[in-house]
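So the chains spell out like this:
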Amino acid sequence: MKPEHQKDSKTSVNEVQKLPNIIYLWLGDKIFSVVVVLLGISIILLALGMAWVLLDEGGLALREFGFFSFVIGTTWDPAVQLAFGAWPFFFGTIATSTFALLIAFFPALAVAIFSAEYAPRWLAGMIDNLIQLIAAIPSVVIGIWGIFVLAPWLRDSIYMPVYVWAETNAAGLLPILGNPIGYGMATATIVLALMIVPYTTALAKDAIKSVPKEQREASWALGSTRWEVMRMAVLPYARGGIMAGAILSLGRAIGETMAVAMLIGNKNTLPFSIFGAGATMPSVIVNEFREAVESLHLSSLMAIGFVLFLIALVVNLTAAYINRKLSIGGGQIL
Amino acid sequence: METKVKPFRIKASENNIPKPINDLSKMDIRLETKNLTVKYGSVYGVRDVSIPFRNKTVTALIGPSGCGKTTYLRALNRMHDLTREAKVEGAVLLENKNIYDADINPVIIRRKVGMVFQKPTPFPTMSIYDNVVAGLKLVGIRNKGILDEVCEKALNQAALFDEVKDRLKSPAVSLSGGQQQRLSIARALAVEPEVLLMDEPTSSLDPQATLRIEELIHTLKKDITIIIITHNMQQAARVSDNTAFFYVGDLIEVGETKSLFTNPKKKQTEDYITGRFG
């Protein structure tokens, strides 16, 4: 028997609606699931495929030297000895990107706090747009700016005065400071810092924005000043997202190639010095790939790519772990 | 537990008969609003509300959702300063001084007029102890002895101390919802406010926890002035001395709780408290 409300209506829903045919019902669903699953799997395959190619191509070098010895080997001589160790580049990468993050983190956090909490809406919008603009500048353009503007300026107003001061007052420091020519580790680090500020800022701002209104109000209601609200309620709540964002920015710094290759001076032998030339894993790959005629040389560059891949993996997993570990409730950004 | 309900009944003993609200001596008034209007853009939140709050009394704000109770309450400790759209007109006199005067720092006002929210709001990264003393640390008290003492006192006032005394250092979020709300109250009490604003403090709690909060309000009344929003009219009747009924942004009626509930002067009040709407 029909339910009461359908009794009098002339057309019931069942009469009006056309039942979809069996092909639509069964096959359509199947096709959709298969497409989605295939696309999902293809991403995983792509990542695994890249790792495999790097490992396969770098296999010659890794077999020749052994993975661990390759990573900590300090000699990189493609001309005479054909001995390849990645340590100078490993060290150069970690040193430049870590210091870049240390330089960038606090200013970026300050900008994020300012634009999320303090700035009037129009100014916050302007800051956001400019940050996105900086992030969108091609790194080769930043490299050119570094070569023609930043590096000469740093050389003349910082490196040279410091070097001259050290010459008379602290001669022991000179080997650590290195040649103040303007293109070297310090310049690369500063440019890296500039390049990751947009990422650190954007991710920190997302984390700050995700702090619930109730948390802020609870702190206001206790008689907090603006800064105290940040310190008591907002930053602790957002710390997971902020830290994870910083680590992700570190990942970007590690992988940055062009601007670094243009500014770091490119020197393949340790020791590196603060002002002096150095190299990173991406920079050595981009500099030597075209000229690598020996198969062992080419394979060594591929192996460096593989190590870089592993570092990127570790950095991303760390960021995800920190985000999960430190985040509260909705504070996650990943 | 049931026996403890008793104290809430308004007994006709000499010292707790609330004085009729309209013959107050000036001395007695702790907080007062005069023609208070709050607008969001061009929309009125509350319109032209004048209520005096006597020292050491509990005033309940009742009314259907969206009637402006919360808007009104938040005007009393300048929480609207944080909302860009909100505009407050009229005066809120705390001890005869308008808290909206240009020379008044809202931070100081919020230390004198504490607030407890609908949802418990413990700071999730802090321990129970740190939550309670958070407000004290703001005013620069670092002495461990004082902090310990105040923490214990505030937790006792909030009837939470016995449950948490062995784990003061554990995270505040490890507490149950009711305990978290009492923690929020303890945190508000630790800074010794003169007035405590409560925005539906029991709406997310079970009956047992609700009862404890109501007991607590009754105890706190001995020292401070409390203004509480509630959707539960039994609760208003149990805990408050005076009741104000709001409807679509207007104050319809304010008076002694007992007479407002038994003998409302306005038709709208009667309809609301007898459950005809809202």
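Note that the coordinates shown come from a computational prediction; the quantities given were computed from them, not determined experimentally.

S.K.: Would you mind going over the overall build of chain B with me for this structure?
M.R.: For chain B, the count of helices and strands is 10 helices and 10 strands. Residues counted as buried form 55% of the 278 residues belonging to chain B. For chain B, the proportion of contacts with a sequence separation of at least 24, taken over those separated by at least 6, is 68%.

S.K.: What is the right way to look at the overall build of chain A in this model?
M.R.: For chain A, the count of helices and strands is 13 helices and 2 strands. The C-alpha radius of gyration computed for chain A amounts to 27 Å, which surpasses the reference 20 Å derived for 334 residues by more than 25%, pointing to a less compact arrangement than a globule. Looking at chain A as a whole, 43% of its 334 residues qualify as buried. For chain A, the share of sequence-separated contacts (at least 6 apart) that also reach a separation of at least 24 residues comes to 71%.

S.K.: Honestly, the pattern of salt bridges in this entry has me stumped. Any pointers?
M.R.: Per the counting criterion, the structure on display carries 25 salt bridges over all chains. We note a salt bridge from Arg121(A) to Glu85(B), for which the minimum N-O separation is 3.6 Å. One end of the pair, Arg121(A), is in helix α5 (residues 121-136); the other, Glu85(B), is in the loop between α1 (69-75) and β4 (86-94), on a second chain. A salt bridge links Arg47(B) to Asp250(B), with the nearest nitrogen and oxygen atoms 3.3 Å apart. With a gap of 203 residues between them, Arg47(B) in strand β2 (residues 43-54) and Asp250(B) in strand β10 (residues 250-256) connect regions that are remote in the sequence. When its relative accessible area of 34% is taken as the criterion, Arg47(B) is described as partly exposed. Under the relative-accessibility criterion, Asp250(B) is labelled partly exposed at 27%.

S.K.: Help me out: how do you make sense of the confidence of the model for chain B in this one?
M.R.: All names here are of chain B. In this model, chain B carries a mean pLDDT of 81, and residues with pLDDT of at least 70 account for 89%. Of the regions scoring below 50 in pLDDT, residues 1-20 engages in 22 contacts with residues more than four places distant in sequence or in other chains. For this predicted complex, the interface score ipTM comes out at 0.79, alongside a pTM of 0.76.

S.K.: Looking at this structure, how should I read unusual backbone geometry?
M.R.: For residues that are not glycine, phi is negative in most cases, and the peptide bond is trans in most cases. Residues and elements named next belong to chain B. Of note, Asn 35 is a non-glycine position whose phi angle comes to about 50°, a positive value. With respect to the secondary-structure elements, Asn 35 resides in strand β1 (residues 29-40). Note on Asn 35: relative accessible area 44%, which makes it partly exposed. Backbone geometry at Lys 56 places phi at a positive 55°, although glycine is not the residue there. Within the secondary structure, Lys 56 is located in the loop between β2 and β3 (58-62). The partly exposed category is assigned to Lys 56, whose relative accessible area is 42%.

S.K.: So what exactly am I meant to see when it comes to the side chain of Thr121(B) here?
M.R.: One can find Thr121(B) in the loop between β6 (113-116) and α3 (128-138). Not counting residues up to four positions away in its chain, the partners in contact with Thr121(B) are Glu214(A), Gln215(A), Ala218(A), Ser184(B) and Arg187(B).

S.K.: Can you walk me through the layout of surface pockets in this structure?
M.R.: Its boundaries defined by the atoms lining it, the largest pocket holds a volume of some 780 Å³. In terms of lining, the largest pocket is formed by 25 residues, of which the most central are Ala116(A), Glu117(A), Arg216(A), Leu82(B) and Arg84(B). Elements with a minimum of two residues in the lining of the largest pocket: α4 (87-118), α5, α9 (213-221) and α10 (226-255) of chain A together with α2 (106-112) of chain B.

S.K.: Quick question: what am I supposed to make of the interface of chain B and chain A here?
M.R.: Where interface size is given, it is often the accessible area lost as the parts come together that is meant. Contacts between the two partners involve 24 residues from chain B and, on the opposite side, 22 residues from chain A. Regarding the contact of chain B and chain A, the summed buried area is about 2000 Å², with carbon and sulfur atoms giving 64% of it. Taken as a group, Phe123(B), Thr125(B) and Leu138(B) account for 29% of the area that chain B buries against chain A, more than any other trio of residues on that side. Linking chain B with chain A are 4 salt bridges, by the criterion used here. For the side of chain B that touches chain A, the secondary-structure elements that each account for two or more residues are α2, β6, α3 and α6 (177-190) of chain B.

S.K.: Got a minute to help me understand the packing of aromatic side chains in this structure?
M.R.: In this description, a pair of aromatic rings is defined by centroid distance and the angle of the planes. Tallied over the entire structure, the rule returns 10 aromatic pairs over all chains. Ring geometry for Trp76(A) and Phe84(A): centres 4.9 Å apart, planes at 75°, overall edge-to-face. The exposure classification of Trp76(A) matches that of Phe84(A), with both residues buried. When the centroid spacing of 5.0 Å and the interplanar angle of 80° are considered together, the rings of Phe105(A) and Phe106(A) count as edge-to-face. Above the plane of the ring of Tyr118(A) lies Arg226(A), whose end atom (NZ or CZ) is 4.5 Å from the centre. The lysine or arginine in question, Lys169(B), covers the ring of Tyr129(B), its NZ or CZ lying 4.0 Å from the ring centre.

S.K.: Explain helix α6 (residues 139-169) of chain A to me, please; I cannot follow it from the model alone.
M.R.: Residues and elements named next belong to chain A. Taking 1.5 Å as the rise per residue, α6 with 31 residues should run 45 Å; its terminal C-alpha atoms sit only 38 Å apart, a clear shortfall. At Gly 146, α6 is deflected by roughly 50°, the largest bend along its length. Considering only its buried residues, α6 is in contact with α7 (174-177), α8 (185-209) and α11 (258-263).

S.K.: Mind showing me how you'd approach the nonpolar core here?
M.R.: Here is a general trend for soluble globular proteins: nonpolar side chains tend to be buried in one another's company. Counting residues in hydrophobic clusters, the biggest one holds 98 residues, and the most contacted among them are Ile208(A), Ile242(A), Tyr72(B), Leu76(B), Ile227(B) and Phe246(B). Take this core: its biggest share by element is 14 residues, from α10(A). When near neighbours in sequence (up to four residues on either side) are disregarded, Ile242(A) contacts Phe105(A), Leu109(A), Ala204(A), Ala207(A), Ile208(A) and Leu235(A). Core analysis: the second largest hydrophobic core is formed by 46 residues, Leu160(B), Ala172(B), Leu183(B) and Tyr272(B) among them.

S.K.: In this structure, what is going on with the packing of α3(B) against α6(B)? I would like to understand it.
M.R.: Packed helices, taken two at a time, are described by the angle their axes make and the gap between the axes. All names here are of chain B. With their axes 7 Å apart at the nearest point, α3 and α6 run at an angle of 30° to one another. With respect to their mutual orientation, α3 and α6 come out roughly parallel. Seen from above, α3 lies across α6 with right-handed handedness. For the pair α3 and α6, contact is made by Ile 128, Asn 131, Val 132 and Leu 136 and by Leu 183, Ala 186, Arg 187 and Ala 190, respectively.

S.K.: Whenever I open this one, the pairing of strand β7 (residues 195-199) of chain B confuses me. Can you help?
M.R.: Strand residues, when the strand is regular, have side chains that alternate between the two faces of the sheet. Residue and element names in this part refer to chain B. A large share of β7 lies buried, amounting to 5 of its 5 residues. Where β6 and β7 come together, 4 bridges link them in parallel fashion. Of the residues in β7, the one forming a bridge with Gly 114 is Leu 196. Of the pairings in the sheet, the one linking β7 to strand β8 (residues 225-229) comprises 5 bridges and is parallel in character. Looking across to β8, one finds that Asp 199 is bridged to Ile 229.

Rules of the game
Residues numbered from 1 in each chain as written. Chains lettered and ligands numbered in written order. Predicted model: local features only at pLDDT ≥ 70, side-chain atom pairs only at ≥ 80, totals over all residues. Heavy atoms only, no water. Helix = DSSP H or I, 4+ residues; strand = E, 2+ residues; numbered from the N terminus. Buried < 20%, exposed > 50% of the residue type's maximum accessible area, 1.4 Å probe, protein only. Contact = heavy atoms within 4.5 Å. Rg over C-alpha atoms; globule rule 2.2 N^0.38 Å. Salt bridge = Lys/Arg side-chain N within 4 Å of Asp/Glu carboxyl O. pLDDT = per-residue confidence, 0-100. 1 Å grid on protein atoms, 1.4 Å probe; cavity = no way out; pocket = protein on both sides within 12 Å on 5 of 7 lines; lining within 4 Å. Points joined across faces, edges and corners; volume = space filled by probe spheres on them. Buried area = accessible area lost by both parts, 1.4 Å probe. Phe/Tyr/Trp six-rings, centres within 6.5 Å; stacked < 30°, edge-to-face > 60°. Lys NZ or Arg CZ within 6 Å of the ring centre and 35° of its normal. Expected span 1.5 Å × (residues − 1). Bend = angle between axes of the 7 residues up to and from the residue. Core = buried A, V, L, I, M, F, W, Y, C linked by side-chain atoms within 4.5 Å. Axes fitted to C-alpha atoms, helices over the stretch in contact; angles between N-to-C directions. Parallel < 35°, antiparallel > 145°, perpendicular 65-115°, else oblique. Left-handed = near helix turned anticlockwise from the far one by under 90°. Pairing = 2+ DSSP bridges.

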